[in-house]
Amino acid sequence: MRHGKGIAAALCAAILAGALGGCGKQDTKDGGLEQQKGRWVETQEELPEELEDWTLQNIFSTAGEIHLLASRQEGGKTLFSEWAGKEDGFADVTEGWLASLELDCGEWFEVQLMQSGSGTQYLYAGYVADGEEDFKGHLWKGQGEQIWDITPAKWTVLNEEWGMYEWPLGLAAQKDGTLTTLSYLSVDVLSGTDGSVLSSEPLSGQYEKPLVSDGENVYLCASGSSGIQVEKRGSNPETISLPAGAAEGVNLCAAADGTLVTAGGEGIFRRRAGESDWEKLLNGSETDLALAGCWCIGLAMLESDDIYALYRESEGGGKLNRYAYDPEAVIEVTQELKLYTVFDSSLLQQAAVLYHKEHPEVLITIESAYPAYYDDETDYNAVYQSLNTMLMGDDAPDILVMDHLDMDSFTEKGLLVDIGEVVNPLEESGELLPGITGAYVREDGHRYVVPLQFGFTMALGRDIGEADMASLEALAQFLSGAQDSYLGPQTVSELVDKFYPYFCGDIVKEKRLDKETLAGKLECLKKIADNCGMVDSREKGERAYNMWNLASQAKLAFSEADGFKNCMFPIAMAEHIKGSFTAYENSFVPTLQTGICAKSPYQDTAMDFLRLALSGSIQDTDYYRGFPVNRASLEKQVHEDRSEAEAETSIETDDGEAVFIIRDYSEETADRLLALCQALDKPVKEDEKIREVLIEALDGYLKGSQSQEDTVQKIEDGLKMYLAE
């Protein structure tokens, strides 16, 4: 992901004319408009104290009531209870059959309780039973004190092709006494009496959880290239498109009349039976749906139109929220700020939601060009064009996240305001890491951007010391005397991309090429290239060695370290190969580089939001995408329990395939990671033009057919006009 500096410069010049014109959103309070009444509101339901030792597992509605299934471990067994929402609160309504069920399934299992129109209940549980090795699905029917095991026979037979047993991804009880199940192989209709398969339809596409029912029809979530669509099966079948922005991580429920509700980070939407359009009831940022560390695990809806969402939290436990229309509730939002970012971010979502909860009169909406985990090549031409359009019009962002954008151009054109009043006191008090945030102070003492997170490039190696792979110069000296190829064969572009971001800012100073520094860097690159062995290109599907290859061919690899949980993988690899790791070049990779637009009429509010985003209430959470710049948050995260992120997989070694275990690292290793983060003080730099010229000029030099002097000249010629702009 790289920016286009030339594009930015051209567009910024056009933007400047309208950037400071003061256009923007109107503050309804200042405008004297009467506040409107009537809105959907989120409230957390009070749950009985008896449930404190139980884990909430699923939610459903029946007979005008909300029901919850809960579980707990006792004496090595898993026990269950059922709770129903009454007028005076939730009450224990566990029937004898469910109370008698004790499972040897440990703490990892899937479970769902459902009820048919006749009152018969069904419990599905998927788990690895004590003494067994395979995950299997189990199904019970219960009523009163009686319980029957009605597990379908097909769930008990190993599928030889897949090497696993078939189990349902979702189930739904129908009014006619049948059960509909969705597995990774088929959609089945089961007898509610004995679990026998009445009909089976092989899957022709890809489907995901959940499967929901209105009692007569079932709704499946079909996944395709355009996202997720809902397939209604039953009377009047149809394919239902989800509302814009709501096709990721679907939570869905259906009412008895066919009304559908879907909820996620974008908000809560409702589609009445017989209608084609979705109505947005609440913005995601006004709900816990957008909070990191809080996952919706089920939805249910009552005839009153009240919607309930069951949540599980990363700290443990769960909660139940109700969403209802309150005709007396005042629409409190008087300021609406827009935050623009190229890539979406859980941290930004968390900050926007919490800020709105603390300041109901302010709503911060996030507009992103791409999802957080977008993997394809990013079109920065389109990004800059979009920014140009916004900044020239009335829809300019108030807050701008500038990862991979040319921040200098925005600053020099006066499009950003000085944020020193927020950041300076936090640095002076020691709340922020000065090596990270201090790098953004300009020569005149002003600062216009601050990163909210950072990462670093972790150098991993075997048969090489930490000091020998800590810098370009040290690595070149070590590899010049090594017999084995450490990085494996490289193309020119691969080698440039590995190393140029760490010296890009050193070879160009004040619009001039520092030829002496450049020559020193080229000499190091040549030594590394000689050890690697250069290739012209890659065959289709072939790739350069990476961290996975350290267990076999490679002896050195670089990995992006962007959070304590994400470091579990590379550190496990270092331990697997009995190697070592360090922070390459003591450099950091800044992320969520945030500034405030000069055109915003809400600069004070934007400053306050930025202050929150830098605070522990936002920075304390490990979002899997970076380390916090808040010092206390960094020290808090390093000592957290990371066992839930542990995993096992297979890996190729010199001796064949082996089990690769990813476990939480030791306290000693955690402290070393912390020390590495605290010592980082140099941001990496990207420049598409410099990268392009280096790749074009270095081919002959790295392969030995071109002198260093000629190479420096080619680079100087290639950058002459660019640096003169």
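Residues numbered from 1 in each chain as written. Predicted model: local features only at pLDDT ≥ 70, side-chain atom pairs only at ≥ 80, totals over all residues. Heavy atoms only, no water.

**Student:** Before we move on, can you summarise the confidence of the model for the protein chain with the specific residues and values?
**Tutor:** Per-residue confidence for the protein chain gives a mean pLDDT of 90, with 94% of residues at or over 70. pLDDT under 50 marks residues 1–33. Its contacts with residues more than four places away, or in other chains, come to 76 contacts. (pLDDT = per-residue confidence, 0-100. Contact = heavy atoms within 4.5 Å.)

**Student:** I'd love a proper account of the packing of helix α9 (residues 492–499) against helix α17 (residues 688–702), names of residues and values included.
**Tutor:** Contact geometry for α9 and α17: axes closest at 9 Å, N-to-C directions at 125°. By the angle between their axes, α9 is oblique relative to α17. As for how α9 packs across α17, the hand of that crossing is right-handed. Counted together, V492, S493, L495, V496 and D497 of α9 and R691, L694, I695, L698, D699 and L702 of α17 form the full contact between these two elements. Partitioning the contact of α9 with α17 into residue classes produces seven nonpolar, one polar and three charged. (Axes fitted to C-alpha atoms, helices over the stretch in contact; angles between N-to-C directions. Helix = DSSP H or I, 4+ residues; strand = E, 2+ residues; numbered from the N terminus. Parallel < 35°, antiparallel > 145°, perpendicular 65-115°, else oblique. Left-handed = near helix turned anticlockwise from the far one by under 90°. Nonpolar A, V, L, I, M, F, W, Y, C, P; charged D, E, K, R; others polar.)

**Student:** How would you explain the pattern of salt bridges if you had to name every residue and give the values?
**Tutor:** Counted under the stated rule, the structure contains 47 salt bridges. The salt bridge involving K209 is made with E110; its shortest N-O contact spans 3.6 Å. Of the two residues, K209 sits in strand β16 (residues 206–213) while E110 sits in strand β6 (residues 110–115), which places them 99 residues apart along the sequence. We classify E110 as partly exposed; its relative accessible area is 23%. Here D514 makes a salt bridge to K509, at a shortest N to O gap of 3.6 Å. (Salt bridge = Lys/Arg side-chain N within 4 Å of Asp/Glu carboxyl O. Buried < 20%, exposed > 50% of the residue type's maximum accessible area, 1.4 Å probe, protein only.)

**Student:** Tell me about the nonpolar core, residues and numbers included.
**Tutor:** Core analysis: the biggest nonpolar cluster contains 112 residues, and F410, F454, F456 and L614 have the highest contact counts within it. Counting residues per element, this core draws most heavily on helix α3 (residues 346–358), which supplies seven residues. Membership of the second largest hydrophobic core comes to 45 residues, among which are A459, Y502, V712 and I715. (Core = buried A, V, L, I, M, F, W, Y, C linked by side-chain atoms within 4.5 Å.)

**Student:** Would you mind going over the pairing of strand β7 (residues 121–127) in detail, with residue names and values included?
**Tutor:** Residues in a regular strand project their side chains so that they alternate between the two faces of the sheet. Burial analysis of β7 places seven of its seven residues in the buried class, which makes it a mostly covered element. Burial of β7 is two-sided: the residues Q121, L123, A125 and Y127 facing one way and the residues Y122, Y124 and G126 facing the other way are all buried. Note: β6 against β7, six bridges, orientation antiparallel. Within β7, the position partnered with L113 by the bridge is L123. Adjacent in sequence and paired antiparallel, β6 and β7 are bridged by five residues, among which G119 carries a positive phi angle near 100°. (Pairing = 2+ DSSP bridges.)

**Student:** An account of the pairing of strand β28 (residues 362–370) is requested, with residue identities and associated values reported.
**Tutor:** Both strand β27 (residues 335–343) and β28 contribute to a ladder of eight bridges, which runs parallel. In the sheet register, T341 faces β28, and the bridge partner there is S368. This β-α-β element, β27 to α3 to β28, shows right-handed connectivity. (Right-handed = clockwise from strand over helix to strand, strands pointing away.)

**Student:** Give a description of the sheet that holds strand β17 (residues 218–224) that names residues and reports values.
**Tutor:** Taken in spatial order, the four strands of this open sheet run β16-β17-β18-β19, and their pairing is antiparallel. Each edge of the open sheet carries a strand with a single partner, namely β16 and β19 (238–241). In this sheet, adjacent strand axes meet at a mean angle of 25° when their direction is disregarded. With five bridges joining them, β16 and β17 adopt antiparallel strand pairing. Residue pairing for β17: Y207 is matched across the bridge by A222.

**Student:** Break down the environment of Y311 for me, with residues and values.
**Tutor:** Of note, Y311 is situated in strand β25 (residues 307–313). Its relative accessible area of 0% is what places Y311 among the buried residues. Through-space distance from the C-alpha of Y311 to that of W54 is 14 Å; in sequence the pair is 257 residues apart. Residues in contact with Y311, not counting those within four places in the same chain, are E42, D288, L289, C294, W295, C296, G317, G318, K319, N321 and Y323. At 2.5 Å, the side chain of Y311 and the side chain of Y323 are in polar contact. (Polar contact = N/O pair within 3.5 Å; in protein donor to acceptor, adjacent residues only side chain to side chain.)

**Student:** Describe in detail unusual backbone geometry, supporting the description with residues and values.
**Tutor:** The omega angle of the peptide bond from K209 to P210 is 0°, so this bond is cis rather than trans. Mapped onto the fold, P210 is located in strand β16. Positive phi, normally seen in glycine, also occurs at D305, with a value near 80°. Its location among the elements puts D305 in the loop between β24 (294–301) and β25. One non-glycine residue, E510, lies in the positive phi region at around 50°. Here E510 lies in the loop between β31 (508–509) and β32 (512–513).

**Student:** Can you lay out the sheet that holds strand β26 (residues 318–330) for me, pointing to particular residues and giving the numbers?
**Tutor:** In space, the four strands of this open sheet follow the order β1-β26-β25-β24, with antiparallel pairing throughout. At either end of the open sheet lies a strand with only one pairing partner, and these are β1 (37–44) and β24. Mean inter-strand twist for the sheet, computed between neighbouring axes without regard to direction, equals 25°. The sheet contact formed by β1 and β26 spans seven bridges and is antiparallel. Bridge assignment links Q44 to a residue of β26, and that residue is N321.

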